[in-house]
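Results of the structural survey
Listed below, chain by chain, are the residues.
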Amino acid sequence: MDMQTHPGHDGHAVHELPTPPAAEGLNDPVCGMTVTDQSPHVLEHAGAPIYFCSARCKGKFAANPNQYLTAAAAVA
């Protein structure tokens, strides 16, 4: 959860804000980790955005997308 201090509370009150849930069905195709559409690691493939957990996974996918798309289709 994100922590945030609100002005007007003398800077002492800290409230927990709920973390937004991950968008349904967004998984990194390389490692399978759940990702959100807010990930800075995104690549467009076949006209659609694909989100990754890290630059490393994004790089692996970019080097050989068919390897990961075939694996993802076999699991689904």
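The coordinates are above.
Everything in this summary refers to the structure shown in the same document. Every chain is numbered independently, its residues counted from 1 as its sequence is written. pLDDT decides what is reported in this predicted model: residues at 70 or higher carry local features, side-chain atom pairs at 80 or more are listed and counted, and totals for whole chains, interfaces and linings draw on all residues regardless. Only hydrogens and water are set aside when side-chain values are computed; all heavy atoms of the structure are taken into account.

Let us now look at the overall build of the chain. Per the secondary structure count, the chain includes two helices and four strands. Of the regular secondary structure in the chain, the N- to C-terminal order runs β-β-β-β-α-α. Between buried and exposed lies partly exposed: a residue is buried under 20% and exposed over 50% of the maximum accessible area for its type, with that area taken using a 1.4 Å probe on protein chains only. Within the chain, the fraction of its 76 residues that count as buried is 13%. Sequence separation of at least 24 residues holds for 16% of the intrachain contacts in the chain that already meet a minimum separation of 6. The secondary structure listing takes helices from DSSP runs of H or I that are at least 4 residues long and strands from runs of E that are at least 2 residues long, numbered from the N terminus. In what follows, residue pairs with any heavy atoms lying within 4.5 Å of each other are defined as contacts.

A word on unusual backbone geometry. Look at Ala 46: it is not a glycine, yet its phi comes out positive at around 55°. Among the secondary structure elements, Ala 46 is positioned in the loop between strand E3 (42-45) and strand E4 (48-51).

Now for the side chain of Ser 39. Mapped onto the secondary structure, Ser 39 falls in the loop between strand E2 (14-17) and E3. A polar atom in the side chain of Ser 39 sits 2.6 Å from the backbone oxygen of Phe 52. Here a polar contact means two N or O atoms within 3.5 Å. Within protein one must be a hydrogen donor candidate and the other an acceptor candidate, and residues neighboring in sequence count only if both atoms are side-chain atoms.

In this section: the packing of aromatic side chains. For this analysis, a ring pair means two rings from Phe, Tyr or Trp (six-membered ring only for Trp) whose centres lie within 6.5 Å, classed as stacked if their planes differ by under 30 degrees, edge-to-face if by over 60, and tilted for the remaining angles. Under the criterion given, the structure shown has two aromatic pairs. Summarising the aromatic geometry, the rings of Phe 52 and Phe 61 are spaced 5.3 Å apart at their centres and angled 55° between planes, so their arrangement reads as tilted. Both residues of the pair, Phe 52 and Phe 61, count as buried. One aromatic cluster in this structure is built from Phe 52, Phe 61 and Tyr 68.

Moving on: the pairing of E4. When DSSP finds at least two bridges between two strands, those strands are taken to pair. Note that E3 and E4 share four bridges and pair antiparallel. Across the sheet, residue Glu 44 finds its bridge partner in E4, namely Pro 49. Where E3 folds back on E4, the antiparallel hairpin that results is connected by two residues, among which Ala 46 adopts a positive phi of roughly 55°.

A separate point is the nonpolar core. In this structure, Ile 50, Phe 52, Cys 57, Phe 61 and Tyr 68 together form the largest nonpolar core, which totals five residues. Other than its neighbours up to four places away in sequence, Phe 61 contacts Pro 29, Val 30, Leu 43, His 45, Ile 50, Phe 52, Tyr 68 and Leu 69. Nine residue types can take part in a nonpolar core, namely buried Ala, Val, Leu, Ile, Met, Phe, Trp, Tyr and Cys, and a core is a set of them joined through side-chain atoms within 4.5 Å.

Treat this as a map of the structure, not an account of what it does.
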